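Here's the letter readout for the chains.
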Amino acid sequence: MTQQSLWQFVIEQHEKLLTQVVQHLGLTFLSLLLAIIVGLPLGILIARKRKLSNPVLGFAGILQTIPSIALLGFMIPAFGIGATPAIVALLIYALLPIIRNTFTGITGVNPIVIEAAKAMGMNRKQMLFKVELPLAMPVIIAGIRTAAVINVGVATLASFVAAGGLGEFIFGGISLNNSNMILAGAIPAALLAILLDQTIAVLQKSGYQFLKKLKYIIPAVLLVFGVVYLMNSVSDKNKLKAGFTPEFMGRQDGDLGLRSVYGLNVNPKVVNDAVMYKAAYENELDLISGYSTDGRIKAFDLYVLEDDKKIFPPYFAAPIIKMKTLEKFPELEKTLNLVAGKFNDSIMTDLNYRSDYLNQTPEKIAKDFLVKNKLFRVSRNGNSGTVRIGSKIFGEQYILTEMYKMLIEGYTNYKVETKTGLGGTKICFDALMNGAIDFYPEYTGTGLLVLLKPSAKTIQNVSQSTDKTYKFVDSEFRKQYEIQWLEPLGFNNSYALMMRKKQAEELKVKSISDLKKYLDSK
């Protein structure tokens, strides 16, 4: 099977790509228009009342320093998910350059010119619109130019809160180990930033009189893109609002399988799993993708739909490690296998619940589990070499990483470094292959479908049995990558579709097929 080229991917996904470009422009233009409406008057105000300049610019500067993901996270409790939190976050990021450049441009006007205007009998309003703003306009436009480029970049994170944009392809590609998908999102985003920057540069050089002629056209264009985006984001013909993670959207054991096997097309929003469960609990989403051992299922009273046509293969967790690493650290395999078979789905769900809902630290959860199973030992503080453990960016992986760290430090003389929160499958696996980490916990289903990508016939054959799946991925990883799968931990964290339990009972939906029948009846 020949590998798909970037061009082939773009041709195949051109409709989705065009939709994401429009969404991206809509987010950027609407937030930029709002930032100009807020920032320009503020800049004029602090230029008039200089005592306010330091507090206003200082506050805008503080907002600018908040990491974009954190800022989006702060927006969710106030605005939920979707367009609103993304637009508010982008508005905040665009404020500083617009306010600062407006202030700098007006205060930088030559005092002699101001005195001449006063001598001619101009009042403050006339001086502002006929003298100060025309002279300050190049500096103000430079601020708007900076804000626009910033917003194009930050808008890629809007998919975190189900607001769409090119971030859907970027984060989906990272999760799916798909470079074409990453590039299909990253290249258009970069081109949009360059195009927007150069367009505003032309306007900047055109002069104040030319801009006056466009004073209605430019806001209208920004507003049109914003309205199109908002209309697209709220238009949903389905009775149920669905939200799936970027990774789930592009997998055969995800949205692709739901469409091909069940004939289920729910036009889902793309949303990060960090906010997805709570969005379902708060009625902002009705149907979500999730993980069968996630503690938030219990915390938010969700119901897992039966996969009656078996599109989700076994997802048994086990450490994957290079065979050379096992030779370098001969005590490692035996130590890591101490927890093999010590878990089941119920145990892992309970541990995740303690992390996701009770907010206990991974260290405490891991230690309590090891103590309960009589496996905990005090660290030897050894110095016979350093083992580097990686993890993906969700609670379960943090817990397992801490567990392995305690076992290694308690049973061997090795030191441990943890590199947690590495993102999706691609980042973790690339880090393992490149020697940045020595091992990380992976799942047999992910190894099969995302990393090996065998033929459909092979997938159908090996995914019918837990043992078959494990043996196949272990064998193929040894051959292709010289990587070994250690013994499975014992729990199956497969993908799942879930709804609020009360809603599922009201609609009499117990399985994915029931959901399909319900949607077909509407």
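No experiment lies behind these values; they were computed from the predicted model shown. (Residues numbered from 1 in each chain as written. Predicted model: local features only at pLDDT ≥ 70, side-chain atom pairs only at ≥ 80, totals over all residues. Heavy atoms only, no water.)

Undergrad: So what's going on with the overall build of the chain? Residues and values would help.
TA: Along its length, the chain carries 26 helices and 10 strands. Its C-alpha atoms give the chain principal-axis dimensions of roughly 90 × 65 × 45 Å. A buried classification covers 54% of the 522 residues belonging to the chain. At a minimum sequence separation of 6, the contacts of the chain that also span at least 24 residues come to 78%. Total accessible area on the chain is roughly 24,300 Å²; 58% of this is exposed by carbon and sulfur atoms. Charge centroids of the chain, computed over 58 positive and 43 negative side chains, lie 8 Å from each other. (Helix = DSSP H or I, 4+ residues; strand = E, 2+ residues; numbered from the N terminus. Buried < 20%, exposed > 50% of the residue type's maximum accessible area, 1.4 Å probe, protein only. Contact = heavy atoms within 4.5 Å. Areas by Shrake-Rupley, 256 points an atom, 1.4 Å probe, with all protein chains shown as cover. Lys, Arg positive; Asp, Glu negative; His and termini not counted. Charge placed at Lys NZ, Arg CZ, Asp CG, Glu CD.)

Undergrad: Which residues make up the sheet that holds strand 3 (residues 287-291), and what values do they have?
TA: Note on sheets: strands pair through backbone hydrogen bonds, and any given pair is parallel or antiparallel. Taken in spatial order, the five strands line up as 2-1-3-10-4 in an open sheet, and their pairing is mixed. Each of the sheet's edge strands pairs with one partner strand only, and the pair in question is strand 2 (269-270) and strand 4 (302-304). Alignment of strand 3 against strand 10 (residues 495-500), held across four bridges, turns out to be antiparallel. Residue pairing in the sheet places Tyr-291 in a bridge with Tyr-495 of strand 10. The strands touched by helix 14 (residues 273-281) are strand 1 (242-244), strand 3, strand 4 and strand 10; relative to strand 3, the strand with the most contacts, the crossing angle is about 135°. (Pairing = 2+ DSSP bridges. Axes fitted to C-alpha atoms, helices over the stretch in contact; angles between N-to-C directions.)

Undergrad: A description of the side chain of Gln-20 should follow, citing residues and the corresponding values.
TA: By the secondary structure assignment, Gln-20 is in helix 2 (residues 14-48). In this structure Gln-20 touches Gly-165, Leu-166, Glu-168 and Phe-169, once residues within four positions along its chain are discounted.

Undergrad: Quick one: what's the story with the packing of helix 5 (residues 83-107) against helix 7 (residues 124-154), residue by residue and with numbers?
TA: Here helix 5 crosses helix 7 at 155°, and the two axes come no closer than 7 Å. In terms of axis orientation, helix 5 runs roughly antiparallel to helix 7. Considering the relative orientation of helix 5 and helix 7, their crossing is right-handed. Class assignment of the residues belonging to the contact of helix 5 with helix 7 gives a composition of 16 nonpolar, seven polar and one charged. (Parallel < 35°, antiparallel > 145°, perpendicular 65-115°, else oblique. Left-handed = near helix turned anticlockwise from the far one by under 90°. Nonpolar A, V, L, I, M, F, W, Y, C, P; charged D, E, K, R; others polar.)

Undergrad: Go over the pairing of strand 10 with me, naming the residues and quoting the values.
TA: Burial within strand 10 is extensive, with six of its six residues counted as buried. The sheet contact formed by strand 4 and strand 10 spans three bridges and is antiparallel. Counterpart to Leu-302 in the pairing with strand 10 is Arg-500.

Undergrad: An account of the confidence of the model for the chain is needed here, citing residue identities and associated values.
TA: When pLDDT is low, close inspection of the predicted coordinates is not appropriate. The pLDDT averaged across the chain works out to 89; a share of 97% of its residues lies at or above 70. The element-level mean pLDDT for the chain is lowest in helix 10 (residues 208-213), coming to 70, with strand 9 (residues 483-485) highest at 97. (pLDDT = per-residue confidence, 0-100.)

Undergrad: Would you mind going over the packing of aromatic side chains in detail, with residue names and values included?
TA: Considering all chains together, one arrives at 19 aromatic pairs under this definition. Summarising the aromatic geometry, the rings of Phe-329 and Tyr-414 are spaced 5.0 Å apart at their centres and angled 75° between planes, so their arrangement reads as edge-to-face. Taken together, the residues span a long stretch of sequence, with Phe-329 in the loop between helix 16 (323-328) and helix 17 (332-336) and Tyr-414 in the loop between helix 20 (395-411) and strand 7 (415-419) at a distance of 85 residues. Of the two residues examined, Phe-329 and Tyr-414, each falls in the buried class. Within the aromatic cluster, the residues linked to one another by ring pairs are Phe-244, Phe-248, Tyr-291, Phe-312, Tyr-315, Phe-394, Tyr-443 and Tyr-495. Here Lys-298 stacks its cationic end above the ring of Tyr-353, 4.3 Å away from the centre of that ring. (Phe/Tyr/Trp six-rings, centres within 6.5 Å; stacked < 30°, edge-to-face > 60°. Lys NZ or Arg CZ within 6 Å of the ring centre and 35° of its normal.)

Undergrad: Which residues make up the packing of helix 22 (residues 444-452) against helix 24 (residues 466-481), and what values do they have?
TA: Relative to each other, helix 22 and helix 24 sit at 45°, their axes nearing to 9 Å. Taken together, helix 22 and helix 24 sit at an angle that is classed as oblique. Here the hand of the crossing between helix 22 and helix 24 comes out left-handed. Contacts from Thr-444, Gly-447, Leu-448, Leu-451 and Leu-452 of helix 22 reach helix 24 at Thr-469, Tyr-470, Phe-472, Val-473, Glu-476, Phe-477, Gln-480 and Tyr-481. Counted by class, the contact of helix 22 with helix 24 contains eight nonpolar, four polar and one charged residues.

Undergrad: Can you lay out a nonpolar patch on the surface for me, pointing to particular residues and giving the numbers?
TA: Among the surface-exposed residues, Leu-183, Ile-187, Leu-191 and Ile-194 lie close enough to one another that they form a single nonpolar patch of about 360 Å² accessible area. Topologically, Leu-191 is positioned in helix 9 (residues 179-206). (Patch = residues over 30% accessible without salt bridge, like charges linked within 9 Å, V, L, I, M, F, W, Y side chains within 5 Å. Salt bridge = Lys/Arg side-chain N within 4 Å of Asp/Glu carboxyl O.)

Undergrad: Pulling in residues and values, what's your account of the environment of Phe-300?
TA: Its location among the elements puts Phe-300 in the loop between helix 15 (295-299) and strand 4. With a relative accessible area of 13%, Phe-300 lands in the buried category. In the structure, Phe-300 is positioned 57 residues away from Tyr-357 in sequence and 9.0 Å away in space, judged by C-alpha atoms.

Undergrad: Break down the nonpolar core for me, citing the residues and quoting the values.
TA: Of all hydrophobic cores here, the largest spans 116 residues; its most connected members are Val-339, Phe-343, Phe-477, Leu-497 and Leu-515. Those residues in contact with Leu-515 that sit more than four places away from it in its chain are Leu-240, Leu-264, Leu-287, Leu-305, Leu-497, Met-499 and Val-509. Core analysis: the next-biggest nonpolar cluster, separate from the first, contains 46 residues, Leu-32, Leu-95, Met-137 and Leu-203 among them. (Core = buried A, V, L, I, M, F, W, Y, C linked by side-chain atoms within 4.5 Å.)

Undergrad: So what about the side chain of Arg-251? Which residues, and what values?
TA: Mapped onto the secondary structure, Arg-251 falls in the loop between helix 12 (246-249) and helix 13 (255-261). On the accessibility criterion, Arg-251 (3% relative accessible area) is buried. Setting aside residues up to four positions removed in sequence, Arg-251 forms contacts with Leu-176, Leu-256, Gly-257, Tyr-315, Gly-445, Thr-446, Leu-449, Val-450 and Tyr-495.

Undergrad: Now, about helix 9: what can you tell me, with residues and values included?
TA: Relative to the 40 Å expected for 28 residues at 1.5 Å per residue, helix 9 spans 40 Å between its end C-alpha atoms, a close match to the ideal helical length. Immediately downstream of helix 9, the backbone of Gly-207 shows phi near 95°, a positive value. (Expected span 1.5 Å × (residues − 1).)

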